[in-house]
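# Chains, contacts and geometry: an overview
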Amino acid sequence: MGADEKFENKAEELKGRAKEAVGDATDNQQWQAEGRAERAKGALKQAGEKVKDAFKSGK
């Protein structure tokens, strides 16, 4: 996994956290939901890449 992909996945997760926080502050349910979804998507991508890395290093 390249450093660019790691950065993009983490950035997506952080963007989701920020959007969720703004949604919480403004009581905007759509932003809260979008933020949770983006955060989860970024976290899942990171986890998937970690699994790939583990298999690559095991060979």
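Presented here is an overview of the structure given in this document.

Each value, and the rule that gives it
- Residues numbered from 1 in each chain as written.
- Predicted model: local features only at pLDDT ≥ 70, side-chain atom pairs only at ≥ 80, totals over all residues.
- Heavy atoms only, no water.
- Helix = DSSP H or I, 4+ residues; strand = E, 2+ residues; numbered from the N terminus.
- Rg over C-alpha atoms; globule rule 2.2 N^0.38 Å.
- Buried < 20%, exposed > 50% of the residue type's maximum accessible area, 1.4 Å probe, protein only.
- Contact = heavy atoms within 4.5 Å.
- Areas by Shrake-Rupley, 256 points an atom, 1.4 Å probe, with all protein chains shown as cover.
- Expected span 1.5 Å × (residues − 1).
- Polar contact = N/O pair within 3.5 Å; in protein donor to acceptor, adjacent residues only side chain to side chain.

Turning our attention to the overall build of the protein chain. Each helix and strand counted, the protein chain has 2 helices and 0 strands in total. On C-alpha atoms alone, the protein chain measures out to a radius of gyration of 14 Å, which is more than a quarter above the 10 Å that the 2.2 N^0.38 rule sets for 59 residues. Projected onto its principal axes, the C-alpha coordinates of the protein chain cover approximately 50 × 15 × 10 Å. Counting over 59 residues, the protein chain shows a buried share of 22%. Considering only intrachain contacts with a sequence separation of at least 6, the fraction spanning at least 24 residues in the protein chain is 49%. For the protein chain, the accessible surface area stands at approximately 4,400 Å², while carbon and sulfur atoms represent 57% of it.

Taking 1.5 Å per residue, 30 residues should reach 44 Å; helix H2 (residues 29-58) reaches 44 Å between its end C-alpha atoms and fits that length. Among all positions of H2, only Gln32, Gly35, Glu38, Gly42, Gln46 and Glu49 are buried. As for H2, its buried residues are in contact with helix H1 (3-26). Its side-chain oxygen placed 3.0 Å from the backbone nitrogen of Gln30, Asn28 serves as the N-cap of H2.

As for its placement among the helices and strands, Glu20 is situated in helix H1. If near-sequence neighbours (up to four positions away) are discounted, Glu20 is found in contact with Trp31, Gln32, Gly35, Arg36 and Arg39.

A few words on unusual backbone geometry. Most of the time, phi is negative for any residue but glycine, and the peptide bond is trans. Although it is not a glycine, Asp27 sits at a positive phi angle of roughly 60°. Summarising the element assignment, Asp27 is placed in the loop between H1 and H2.

Everything listed is a geometric property; what it means functionally is a separate question.
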